[in-house]
Amino acid sequence: KAGVTQTPRYLIKTRGQQVTLSCSPISGHRSVSWYQQTPGQGLQFLFEYFSETQRNKGNFPGRFSGRQFSNSRSEMNVSTLELGDSALYLCASSPWTDDGNTIYFGEGSWLTVV
Amino acid sequence: AQSVTQLGSHVSVSEGALVLLRCNYSSSVPPYLFWYVQYPNQGLQLLLKYTSAATLVKGINGFEAEFKKSETSFHLTKPSAHMSDAAEYFCAVSDRDYGGSQGNLIFGKGTKLSVKP
């Protein structure tokens, strides 16, 4: 069974540009969540999607957005990039059950803003 | 609000020694608790999780953790460290009442484990 797949793995963008990151969840998983990881702030929750609907959102500015498609694949977008947006962006997927869902993480997308 | 505190940002042990990584949580409801490991330039891999089925949870690679409600702790242990255990370890908590979804995890700051030969 394939794991969570994120593309691209590495990218460099210029301040002010926008970026779109893609995530394919594990087959059968309907929930996708996104996290930002930086040395200073650690791992922070961005948002979660289930059945194409955003269920929860972390404390990030509106420049950070996401969406989920009918096949559960998800994208996140960051507009007007700032230097501080340089980070590892992790996507995670989980099944939708009531038994302490396990969240499975992808390898991440390394974003460098210059 | 939920929170997780990992005591010690860096822990160093000798190969073969006991590994103990500390995690304390704060939650107003019985939580789900997780330990994840991150190797350099990789994503997070689940080591183990607590969902109230048993207070002593066994995970992969010989790791285990014990849920202690009275101490609000969920420390991670391994009897004998191996060089391959060198990585960063994250404790995380999820709100059990949040509609069954664990998409939103609150992570600790992480503990980097070094293993000396």
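Here the structure is shown first, and the text comes after it.
Residues numbered from 1 in each chain as written. Chains lettered and ligands numbered in written order. Predicted model: local features only at pLDDT ≥ 70, side-chain atom pairs only at ≥ 80, totals over all residues. Heavy atoms only, no water.

A. Local environment of unusual backbone geometry. Omega for the peptide link from Thr7(A) to Pro8(A) comes to -10°, which places this bond in the cis form. With respect to the helices and strands, Pro8(A) occurs in the loop between strand E1 (5-7) and strand E2 (10-13). Positive phi, normally seen in glycine, also occurs at Glu52(A), with a value near 70°. Position of Glu52(A) among the secondary structure elements: in the loop between strand E5 (42-50) and strand E6 (53-57). Residue Asn61(B) is not a glycine yet carries a positive backbone phi of 60°. (Helix = DSSP H or I, 4+ residues; strand = E, 2+ residues; numbered from the N terminus.)

B. Fine view of the environment of Ser70(A). Residues and elements named next belong to chain A. One can find Ser-70 in the loop between strand E7 (64-68) and strand E8 (74-78). Using a relative accessible area of 67% as the deciding quantity, one classes Ser-70 as exposed. Between the alpha carbons of Ser-70 and Ser-24 there is a distance of 12 Å; along the sequence they are 46 residues apart. (Buried < 20%, exposed > 50% of the residue type's maximum accessible area, 1.4 Å probe, protein only.)

C. Seen up close, the state of the cysteines. All names here are of chain B. Throughout the structure, instances matching the rule amount to 2 disulfides over all chains. Covalent S-S linkage joins Cys-23 and Cys-91, the inter-sulfur distance amounting to 1.9 Å. The disulfide joining Cys-23 to Cys-91 has a torsion of about -65° about its S-S bond and is therefore left-handed. On the criterion of sequence distance, the pair formed by Cys-23 in strand E3 (residues 19-26) and Cys-91 in strand E9 (residues 87-94) is long-range, its members being 68 residues apart. Judged by relative accessible area, Cys-23 falls into the buried class, the value being 0%. By relative accessible area, Cys-91 is classed as buried at 0%. (Disulfide = S-S within 2.5 Å.)

D. Geometry of the environment of Trp34(A). Residues and elements named next belong to chain A. Along the chain, Trp-34 turns up in strand E4 (residues 31-38). For Trp-34, a relative accessible area of 0% translates into the label buried. Through-space distance from the C-alpha of Trp-34 to that of Leu-46 is 5.3 Å; in sequence the pair is 12 residues apart. Separated by 2.9 Å, the side chains of Trp-34 and Ser-74 make a polar contact. (Polar contact = N/O pair within 3.5 Å; in protein donor to acceptor, adjacent residues only side chain to side chain.)

E. Inspection of the packing of aromatic side chains at higher detail. Here the structure, examined in full by the defined rule, presents 14 aromatic pairs over all chains. Relative to Phe45(A), the ring of Tyr35(A) has its centre 5.6 Å away and its plane inclined at 70°; by these criteria the two rings are edge-to-face. Linking Tyr35(A) in strand E4 with Phe45(A) in strand E5, this pair joins segments that are 10 residues apart in sequence. Exposure class is identical for Tyr35(A) and Phe45(A). Each is buried. Between Phe63(B) and Tyr89(B) the ring centres are 5.5 Å apart and the planes differ by 45°, which places this aromatic pair in the tilted class. With Phe63(B) in the loop between strand E6 (56-58) and strand E7 (64-68) and Tyr89(B) in strand E9, this pair connects stretches of sequence that are 26 residues apart. The same class applies to Phe63(B) as to Tyr89(B), namely buried. Here the aromatic cluster, defined as three or more aromatic residues joined through ring pairs, consists of Tyr35(A), Phe45(A), Phe105(A), Phe34(B), Tyr36(B), Phe90(B) and Phe107(B). (Phe/Tyr/Trp six-rings, centres within 6.5 Å; stacked < 30°, edge-to-face > 60°.)

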